Amino acid sequence: MTDPSTESVPARVRSDVAHNARVWNYWLGGKDNYPVDRTVGDQVTGMYPSIGEVARADRAFLGRVVRHLAGDRGVTQFLDIGTGLPTFNNTHEIAQHTVPHSRIVYVDNDPIVLAHARALLTSSPEGATEYIDADAHHPEQILRSVEPTLDLGQPVAVMMLGILNFVLDTGEAQGIVRKLMDAIPSGSYLALTHPTLELGGEGNEAAMRFWNENATPPITARTRAEFAAFMDGLDILEPGIVSCAQWRAEPGSPAAEVAQFGAVARKP
């Protein structure tokens, strides 16, 4: 959508204000963004040059997590909250390539993502893929909407990559995670990433402040302790809480650390 004037734009879209889903798409090399997104994205990159590496590392983390959970842990159901715009190696593509009968529900409330949902709704013949237009702030609505695509009586992998940083109140963010994990059985998993000012991310503080003044939705960083608290009561898989770039990185290809925590935990 590099020429928005020639595109059909959903009614709720603000093409004059940068939006995270579109800026993230820009950093990943996608084309579903507006000039304002590229302008703000370039400004943030100028202030925090590694932001593109963060975006790519977060996306690569998703791939490793889904392959591990589907291929090594036997997970066949995925609830991907805060989907973002479809790019490459989407959750359903990786899961169904690994286990063809995998079932995936995507959740987002961005109108641009909704407009592109048809690209997410492809599925292997054996599996299923669905998209829900819902807000991560309302986990009860999400849980009501996922069935019958997902069976909440069976293990589910809840994917919340780079989404809790848009829930500014830490107590509220923790409550969202608890409600989701309380609703699914033992043997389910939670995969998280979250920006931090640790791991060399101190330079991101000014960039986040600029973002909050010029784009939407507002964002916050969290400490390792705050990130760990999202997984209270769960068993964190090895290698624990690390930079998402280094979570089960491919042997022989050491990954540079980025200021984005990543972890996967199992509900006992």
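Above this text sits the structure in question.
These figures come from a predicted structure and were not determined experimentally. (Residues numbered from 1 in each chain as written. Predicted model: local features only at pLDDT ≥ 70, side-chain atom pairs only at ≥ 80, totals over all residues. Heavy atoms only, no water.)

J.: Describe the packing of helix 7 (residues 139–146) against helix 8 (residues 170–182), with residues and values.
T.: With their axes 9 Å apart at the nearest point, helix 7 and helix 8 run at an angle of 25° to one another. One way to sum up the angle between helix 7 and helix 8 is to call them roughly parallel. The way helix 7 lies across helix 8 gives a crossing that is right-handed. Contacts between helix 7 and helix 8 pair Pro139, Glu140 and Leu143 from the former with Ile176, Lys179 and Leu180 from the latter. Among the residues making up the contact of helix 7 with helix 8, the classes are represented as four nonpolar, no polar and two charged. (Axes fitted to C-alpha atoms, helices over the stretch in contact; angles between N-to-C directions. Helix = DSSP H or I, 4+ residues; strand = E, 2+ residues; numbered from the N terminus. Parallel < 35°, antiparallel > 145°, perpendicular 65-115°, else oblique. Left-handed = near helix turned anticlockwise from the far one by under 90°. Contact = heavy atoms within 4.5 Å. Nonpolar A, V, L, I, M, F, W, Y, C, P; charged D, E, K, R; others polar.)

J.: Lay out the environment of alanine 55 with the relevant residues and their values.
T.: Its location among the elements puts alanine 55 in helix 3 (residues 51–71). By relative accessible area, alanine 55 is classed as buried at 0%. Through-space distance from the C-alpha of alanine 55 to that of proline 148 is 32 Å; in sequence the pair is 93 residues apart. Beyond its immediate sequence surroundings of up to four residues, alanine 55 is in contact with Trp24, Trp27 and Leu28. (Buried < 20%, exposed > 50% of the residue type's maximum accessible area, 1.4 Å probe, protein only.)

J.: Account for the pattern of salt bridges, naming residues and giving values.
T.: Following the criterion strictly, the structure yields two salt bridges and no others. The residue aspartate 37 makes a salt bridge to arginine 22 at a minimum N-O spacing of 2.6 Å. Note that aspartate 37 is positioned in helix 2 (residues 35–47) and arginine 22 in helix 1 (residues 20–27), a separation of 15 residues in sequence. We classify aspartate 37 as buried; its relative accessible area is 0%. (Salt bridge = Lys/Arg side-chain N within 4 Å of Asp/Glu carboxyl O.)

J.: Give me the lowdown on the nonpolar core, citing residues and values where you can.
T.: Grouped together as the largest cluster of nonpolar side chains are 86 residues, with contacts concentrated most on Phe78, Leu79, Val158 and Met160. Looking at this core element by element, the count peaks at 10 residues for helix 3. Each residue touching phenylalanine 78, except ones within four places of it in the same chain, is listed here: Val66, Leu69, Ala70, Thr91, Ala95, Arg103, Ile104, Val105, Leu150, Ala157 and Met159. (Core = buried A, V, L, I, M, F, W, Y, C linked by side-chain atoms within 4.5 Å.)

J.: Break down the packing of helix 2 against helix 9 (residues 204–214) for me, with residues and values.
T.: At a minimum axis distance of 9 Å, the contact between helix 2 and helix 9 shows a crossing angle of 160°. Comparing their axes, helix 9 and helix 2 come out roughly antiparallel. The element helix 2 and its partner helix 9 pack so that their crossing is right-handed. Only Ala206, Ala207, Phe210, Trp211 and Asn214 of helix 9 make contact with helix 2, whose side of the interface consists of Val40, Gln43, Val44 and Met47.

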